[in-house]
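Observations on chain architecture
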Amino acid sequence: MAYLELNNVYKTYGQGSNTTEVLSNINLSIEEGEFVAIVGFTGSGKTTLVNLINGLIKPTSGEVLFKGKPVEGTSHERGVIFQNYSLLPWLTVYQNVGLAVKEAFSKESKSFRVKRTKEYIDMVGLAPAIHKYPSELSGGMKQRVAVARALAMDPQMIIMDEPLGALDALTRGKLQDEILNIWNRNKRTALLITNDVDEGIYMADRIIPLRPGPNAVLGPEFKIDIARPRDKTELNDNESFKSVRNHLIEYLMDIGNERTQHSDVIYELPDLEPKDLR
Amino acid sequence: MSDKLIKITRFVGLGFFEPVIRLSRGEESKKNTILILKKIVAPLASILLFLGVWQAGSQALYNIEADSRIEKAFNGQGQAAAAEMRICIESGDVSCQPNTLPSPAQVYGAFKTLLKDHKVINADKKRFKEKTAILNKQRTSEGKNPIVYTGRPSFVDQIITSIKTVFAGFLLAIFIAVPIGVVIGLSSTLRSSFNWLIQILKPVSPVVWLLLVFMVVKTLTKDSNTDSSFIISFVSVGLCAMWATVVNTAMGVSTVDKDFINVAKVLKLSAFQKVFKVILPSSLPLIFTGLRITFSVAWMVLIAIELLAQSPGLGSFVWEEFQNGANDSNSKIIVAMFVIGIIGFLLDRLMLIIQTFVSFSKNEGI
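Since the model is a prediction, treat every value here as computed from it, not as a measurement.

So, the overall build of chain A
Across its full length, chain A carries eight helices and 10 strands. Over its C-alpha atoms, taken along the principal directions, chain A stretches across nearly 80 × 50 × 40 Å. Within chain A, the fraction of its 278 residues that count as buried is 51%. Considering only contacts in chain A between residues 6 or more positions apart, those separated by 24 or more positions represent 70%. Of the roughly 14,000 Å² of accessible surface on chain A, a fraction of 49% belongs to carbon and sulfur atoms. Here chain A contributes 33 positively and 37 negatively charged side chains, and the mean placements of these two sets differ by 10 Å.

In structure tokens form, the structure reads like this:
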């Protein structure tokens, strides 16, 4: 039995004639310790999928199973890193992480919680900024706090919803490595939602494209058999990387073209001839 | 050092002094001179303009009033009486002064009179205290009530009473409105069930609130000899003014950013933690906007309420002066008007400072 399983999941929004089906017939299974990436266009229902898995919303039909049990509401077992960091701006870095630790380890002693909070802030390299407010941090630092907050709760699975989407390329690459390092240390199950094919291939064991919504469905999956730790500079010359990348991009491009070709509107072009300038 | 000074002036809402400080240090003299013109000279000029219009207006009104008096004397008693009236008016005699909008100078004079009056009353009070000190000690040891000063309150005393009333009413409004707003904001069922009631009660006039409070307080304080006029006025002020806070708090609490709510859910915060760590901090800016409106409404209705509740304060001062009809009554009323306006402005600044102190900007965490 898979660690996380989605069986025939449908999700619709709205009522009556206004219903839009965002996700249709999603089937997904993730094994324990696996790193899976889902890649898709913006607006293809990725965030809806994430919220279904972490328990913020319920599927219209079908089931989401976590360790064989249906997901009902959120749980400390599944840590979430949100797309826009979602730090609480009125709390310092320490307080933001501490709030999560306090809830997840409410039975432990205070000194244990303090130690754990500091340990995770240290892990993401933010010890010098521990008493700063989110407004005083850069985007990359904020995302690190979000990572520390999610991991400090000791989740068994990490769900990342475009965690690096708002960062510049350099910070992004650095944080990718950091997340991989942390993941490598205790091999938690991880699900990464992204719109960057390269990021997905670099980080994941398996990558699955999401056909854009409405009626988003998961496309064929691609296994990535590149030994870890992966080297970003050598990756570009790796045959396996190239073939997966080409296949994926081809697949996504085809979807993109299909989408544009689906336009029902026929534009009437003006009957014009270029003027002869001679 | 002066950077710190600039920060402080900005913090207390006196940011317009910034260019003066910068200019005194010789920084960018052209830019700062323009800023001084814009931020200090222009407002002062507008005040001067206002005083000028006021002076001219009061002069015109004075002339109309004087002419009508002379004409009335002429029609009633003939040429001689009219000439006498003209001389009397020109001599500035109190008995025949036209009673109309006072000029700025007259108002300033009345202000000085009021301050002098305050000094006299203060001295009087002090003397009274000294005189009754021994007697009061004796009375308290015998278990009797001490003799208190029952003379006329001075203008400053009345200002203090008014500020006390407003603060008491404001605190009452906070303690009633914020919890109600939070509870209503948290539950959409409660929100829709109380919405009509709030919408109906919100526009009720201060006078009606006063009468309502009067009915209740009168019965409740029947057996005690407490000063019910103060209770009545501050409770009515609170009830009149609290609606802005109720509505704003409910609004702030019900529209907390979805991301923050999701965080609270993912972290599985307890209900208590969710309210105090996520919902209240994120709705603080709106709550404070509500509180500021409440404060200014409280200060505004105070005058009307004090006037009716017979509570000693600026409201009753204005009313007494109006009833008094003495020569400088009009000037005193205008002094009270400016005092009310300036205190209201200062109190609003105070709230603004507290607001900037506790709030955060909305997009900082995102």
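As for the overall build of chain B
The helix and strand inventory of chain B stands at 14 helices and zero strands. Going residue by residue from the N terminus, the α and β elements of chain B occur as α-α-α-α-α-α-α-α-α-α-α-α-α-α. Its C-alpha radius of gyration of 27 Å places chain B more than 25% over the 21 Å reference for a compact globule of 366 residues. Seen through its C-alpha atoms, chain B measures out along the principal axes to roughly 95 × 70 × 50 Å. Counting all 366 residues of chain B, 37% fall into the buried class. Expressed as a percentage of contacts within chain B between residues at least 6 apart in sequence, the contacts between residues at least 24 apart total 70%. Counting every atom, chain B has about 21,500 Å² of accessible surface; 67% of that belongs to carbon and sulfur. Side-chain charges of chain B comprise 38 positive and 25 negative groups, with the mean position of each set lying 10 Å from the other.

Observations concerning the domain arrangement of chain B
Residues and elements named next belong to chain B. By the assigned domains, chain B splits into domain 1 (2–96), domain 2 (102–150) and domain 3 (153–364). For domain 2 and domain 3, the distance between their C-alpha centroids amounts to 31 Å. At the interface, 11 residues of domain 2 touch 12 residues of domain 3. In terms of surface lost to domain 3, no three residues of domain 2 exceed P102, L114 and H118, which account for 47% of the buried area on that side. At the junction of domain 2 and domain 3, the tally comes to one salt bridge. Counting every contact that joins domain 2 to domain 3 gives two residue pairs in polar contact (both at pLDDT 80 or more).

Considerations on the confidence of the model for chain B
In regions of low pLDDT, the predicted coordinates are not meant to be interpreted in detail. Residues and elements named next belong to chain B. Here chain B averages 84 in pLDDT, while 96% of its residues score no lower than 70. Taking the mean pLDDT of every element in chain B, the minimum, 74, falls on helix α1 (residues 2–11) and the maximum, 91, on helix α10 (residues 243–254). Contacts of residues 362–366 to residues separated by more than four positions or lying in other chains number 17 contacts, the stretch itself having pLDDT below 50. The complex prediction reports pTM at 0.76, with the ipTM value standing at 0.79.

What to know about the interface of chain B and chain A
In many reports, interface size means the accessible area that the parts give up when they come together. At the interface, 19 residues of chain B touch 22 residues of chain A. Across the chain B/chain A interface, buried area totals approximately 2,100 Å², and carbon plus sulfur atoms make up 66% of it. Inspection of the chain B/chain A interface yields zero salt bridges. Ranked by residues supplied to the side of chain B that touches chain A, first place goes to helix α11 (residues 258–266) of chain B with six residues. Classifying every residue of the side of chain B that touches chain A gives nine nonpolar, five polar and five charged.

Side note on the side chain of E103 of chain A
With respect to the helices and strands, the residue E103 of chain A is situated in helix α2 (residues 93–104). In this structure E103 of chain A is buried but unpaired, with K102 of chain A as the nearest side chain of opposite charge at 6.2 Å. Not counting residues within four places of it along the chain, the set of residues in contact with E103 of chain A comprises H76 of chain A together with L267, K268, L269, S270 and Q273 of chain B.

Thoughts on the pattern of salt bridges
Pairs can form between side chains of opposite charge whenever their charged atoms are close. Residue and element names in this part refer to chain A. Inspection of the entire model under this criterion finds 14 salt bridges over all chains. For E178, the salt bridge is made with R144, and the minimal N-O distance between the two is 3.6 Å. Within this pair, whereas E178 is found in helix α5 (residues 169–186), its partner R144 is found in helix α4 (residues 139–152), the two being separated by 34 residues in sequence. Through salt bridges with shared partners, one network takes in E34, R206 and E221.

Focus: the pairing of strand β6 (residues 78–81) of chain A
Residue and element names in this part refer to chain A. Burial along β6 is two-sided: R78 and V80 and G79 and I81, pointing in opposite directions, are all buried. As paired strands, β6 and strand β7 (residues 157–161) are joined by four bridges and run parallel to one another. Looking at the pairing, I81 lines up with M160 of β7.

Overview of the sheet that holds β6 of chain A
Residue and element names in this part refer to chain A. Read across the sheet, six strands follow the order β6-β7-β8-β3-β9-β10 without closing on themselves; strand pairing throughout is mixed. Strands at the two margins of the open sheet, each flanked by one partner only, are β6 and β10 (222–223). The strands touched by helix α1 (residues 46–54) are β3 (35–40), β6, β7, β8 (189–194) and β9 (206–210); relative to β7, the strand with the most contacts, the crossing angle is about 155 degrees. Across the sheet, α4 is in contact with β6 and β7; its angle to β6 comes to roughly 175 degrees.

Quick look at helix α3 (residues 110–123) of chain A
All names here are of chain A. End to end, α3 covers 20 Å across 14 residues, agreeing with the expected 20 Å (1.5 Å per residue, within 8%). Every buried residue of α3 is accounted for by R113, R116, T117, Y120 and I121. Summarising the axial view, the buried residues of α3 lie within an arc of 130 degrees, below the 170-degree limit, and thus occupy one face. Opposite the buried face of α3, by more than 90 degrees, sit the exposed residues S111 and K115. Summarising the contacts, the buried residues of α3 are in contact with α2 and α4. G125, located one to two residues past α3, shows a positive phi value of around 75 degrees.

Concerning unusual backbone geometry
Residues and elements named next belong to chain A. The phi angle at N8 is positive, at roughly 45 degrees, despite the residue not being glycine. Relative accessible area serves as the criterion here: at 43%, N8 is assigned to the partly exposed category. Its identity as a non-glycine residue notwithstanding, S86 has a phi of 50 degrees, on the positive side. Residue position: S86 is located in the loop between β6 and α2. Taking relative accessible area as the criterion, S86 reaches 0% and is therefore assigned buried.

Focus: the sheet that holds strand β2 (residues 20–30) of chain A
In any sheet, the strands associate via hydrogen bonds between backbone groups, in a parallel or an antiparallel arrangement. All names here are of chain A. As summarised here, the arrangement of the four strands in space is β2-β1-β4-β5, forming an open sheet in which the pairing is antiparallel. Every other strand in the sheet has two partners, leaving β2 and β5 (69–70) as the edge strands with one partner each. Each of β1 (4–13), β2 and β4 (61–66) touches α1; the most contacted strand, β1, lies at about 125 degrees to it.

Each value, and the rule that gives it
Residues numbered from 1 in each chain as written. Chains lettered and ligands numbered in written order. Predicted model: local features only at pLDDT ≥ 70, side-chain atom pairs only at ≥ 80, totals over all residues. Heavy atoms only, no water. Helix = DSSP H or I, 4+ residues; strand = E, 2+ residues; numbered from the N terminus. Buried < 20%, exposed > 50% of the residue type's maximum accessible area, 1.4 Å probe, protein only. Contact = heavy atoms within 4.5 Å. Areas by Shrake-Rupley, 256 points an atom, 1.4 Å probe, with all protein chains shown as cover. Lys, Arg positive; Asp, Glu negative; His and termini not counted. Charge placed at Lys NZ, Arg CZ, Asp CG, Glu CD. Rg over C-alpha atoms; globule rule 2.2 N^0.38 Å. Domains from an automatic or database assignment. Buried area = accessible area lost by both parts, 1.4 Å probe. Salt bridge = Lys/Arg side-chain N within 4 Å of Asp/Glu carboxyl O. Polar contact = N/O pair within 3.5 Å; in protein donor to acceptor, adjacent residues only side chain to side chain. pLDDT = per-residue confidence, 0-100. Nonpolar A, V, L, I, M, F, W, Y, C, P; charged D, E, K, R; others polar. Pairing = 2+ DSSP bridges. Axes fitted to C-alpha atoms, helices over the stretch in contact; angles between N-to-C directions. Expected span 1.5 Å × (residues − 1). Arc of directions from axis to C-beta.

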